[in-house]
Amino acid sequence: MKLHGTMNIENQQLFIGGVSCQTLVNTYQTPLYVFDEALLRQNCKDYRKHFKVEERGNRVAYAGKAFLPLYMCHLIKEEGLYLDVVSGGELYTAYKADFPMDHVLFHGNNKTFDEINMGLEYGVGVFVVDNYYELETLNTMCHKRGKQQNVYLRITPGIEAHTHDYIKTGQIDSKFGFTLSNGDLQRCLEVFHKYEHLNLIGLHAHIGSQIFDVNPFLDEVEIMMTLVKDIKEQFGFEITDVDLGGGVGVYYTEKDAPKSIAQFCEAILTKAQTVCETLQIDIPRLIIEPGRSIVANAGSTLYTVGSMKDIKDVRTYVSVDGGMTDNIRPSLYQAVYECAIANWMESGNERHVTIAGKCCESGDILITDVDVNKIESGDILIITSTGAYGYSMSSNYNKIPKAAVVAVKDGEAQLICRRQTYEELLSLEV
């Protein structure tokens, strides 16, 4: 198992942020999400540095859907990032965290009337508009309020990124945005003048998630910069902002070879410079929206090993006290992870096992066919790189309470999300 961030091994015990996993389990029980705060902050700093936020006025907007408790809103505010939200709940979380609303980008392919109203009431900086329905609704509501609202138009650029079908978003057949290749975007621009309360200042595209090859992003840059020029020449709109979305791939297993934050940012900025020089246009302000690549490797999940079932000549199932309720990605995306025995990191005496969850579902498998150290009931199993889309996609299936979340740094642990109690589980029922 690869060690990330501040992870280290002392006397065969795994430590994160200077705190042993055994101590964390003794204090907070399992399942438990653990976030390495130093790594979170370093990733934010690296994005700001390499995307030239200070030098060029570019922006890095954290994609909140990856992981967005109040704690994360405070952290990205302190690190100088913008925030990308996709729902009223995420927006409300940012509001309660006192996140600056003018630094919020509000996404979503079907924002409700109440969500749009909330965004206007809070003073969201930019609405990323996905369709005609939203254009009409937003313009009408702005008219009633007597205000102007800055918007980006989301487009589907027709780029086929090599990733899981469920997380492709840039291809033509997508529920998101105005399609470029069929003339949908052009038709929108032809009538945009009627939306008198909307200021078109930017374009947005997102081509997918967990993408390792930088070339699709470079293709996206060329398409978007060309659009900036064409839109000004054909329709007279001055596009000042170009949002390239997120989707940067991260390490989950040794089969993954992700680019570094520096490599990714530098490739995009160099391409933008070259294309804009060729087109003879000024480089617009560039925005990227990393989520997974900030939080994935900074988060891990700790479990306690329970029952073990050895099926002769078939496989050995090792069951833990969590599963698809705290990490749906293996069942949903066939996502793969690395693991280890956190209370005994010595190599050798390995067993070939499958890590199973506790839900009443045959498909509740966290890791299939993995070699781990000699493992016994009561051991602490750690699965790494669960920081993105673990807690944020967790559920109460089988009426299992949601796990607690802690952040660790400099030998201290901070509880950032309490473990849900059974009473809280029933709190909405009447």
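Residues numbered from 1 in each chain as written. Predicted model: local features only at pLDDT ≥ 70, side-chain atom pairs only at ≥ 80, totals over all residues. Heavy atoms only, no water.

The name that an unreviewed UniProt entry assigns to the protein is Diaminopimelate decarboxylase, with the source organism given as Turicibacter sanguinis. You can read under Sequence similarities (unreviewed entry) in the UniProt record for the protein the words "Belongs to the Orn/Lys/Arg decarboxylase class-II family. LysA subfamily." Quoted verbatim from the Function (unreviewed entry) heading of the UniProt record, the comment on the protein is "Specifically catalyzes the decarboxylation of meso-diaminopimelate (meso-DAP) to L-lysine." (UniProt positions renumbered as here; feature names shortened; annotations may be inferred.)

Trainee: Would you mind showing me how to read the environment of Met1 here?
Mentor: Following the sequence through the fold, Met1 ends up in the segment before β1 (8–10). On the basis of relative accessibility, which here comes to 33%, the residue Met1 falls in the partly exposed class. Met1 sits 369 residues away from Val370 along the chain, and the two C-alpha atoms are 11 Å apart. Contact partners of Met1, with chain neighbours within four places excluded, come to Met7, Leu14, Glu338, Cys339, Ala340, Met345, Ile382 and Thr384. (Helix = DSSP H or I, 4+ residues; strand = E, 2+ residues; numbered from the N terminus. Buried < 20%, exposed > 50% of the residue type's maximum accessible area, 1.4 Å probe, protein only. Contact = heavy atoms within 4.5 Å.)

Trainee: What is the right way to look at the nonpolar core in this model?
Mentor: The nonpolar side chains of a soluble globular protein tend to be buried, and buried together. Grouped together as the largest cluster of nonpolar side chains are 109 residues, with contacts concentrated most on Tyr62, Leu153, Phe192, Val295 and Leu381. Counting residues per element, this core draws most heavily on helix α10 (residues 261–279), which supplies 9 residues. Apart from residues lying up to four places away in sequence, Phe192 is in contact with Leu135, Val151, Leu153, Leu198, Leu200 and Phe237. Within the second largest apolar cluster, 19 residues are counted, among which are Cys21, Leu302, Ala342 and Ile380. (Core = buried A, V, L, I, M, F, W, Y, C linked by side-chain atoms within 4.5 Å.)

Trainee: Mind showing me how you'd approach the sheet that holds strand β3 (residues 19–20) here?
Mentor: Note: strands within a sheet are paired through backbone hydrogen bonds, in either parallel or antiparallel orientation. Sheet architecture is open: 3 strands sit in the order β1-β2-β3, paired in antiparallel fashion. Either end of the sheet is taken by a strand with one partner, and the two such strands are β1 and β3. Sheet topology places strand β2 (residues 13–16) next to β3; 2 bridges connect them, and they run antiparallel. Across the sheet, Ile16 pairs through a bridge with Val19, a residue of β3. (Pairing = 2+ DSSP bridges.)

Trainee: Help me understand the side chain of His50, please; the structure alone is not making it clear to me.
Mentor: Position of His50 relative to the elements: it lies in helix α2 (residues 37–50). Judged by its relative accessible area of 16%, His50 falls in the buried class. Apart from the residues lying within four places of it in its own chain, the contact partners of His50 are Ile261, Ala262, Cys265, Glu266 and Leu269.

Trainee: Would you mind showing me how to read the UniProt feature "modified residue: N6-(pyridoxal phosphate)lysine" (unreviewed entry) in the protein here?
Mentor: Annotation from UniProt places "modified residue: N6-(pyridoxal phosphate)lysine" (unreviewed entry) at Lys65. Position of Lys65 among the secondary structure elements: in the loop between β5 (59–63) and α4 (70–78). Setting aside its immediate chain neighbours within four residues, Lys65 contacts Val86, Glu90, Tyr389 and Ser392.

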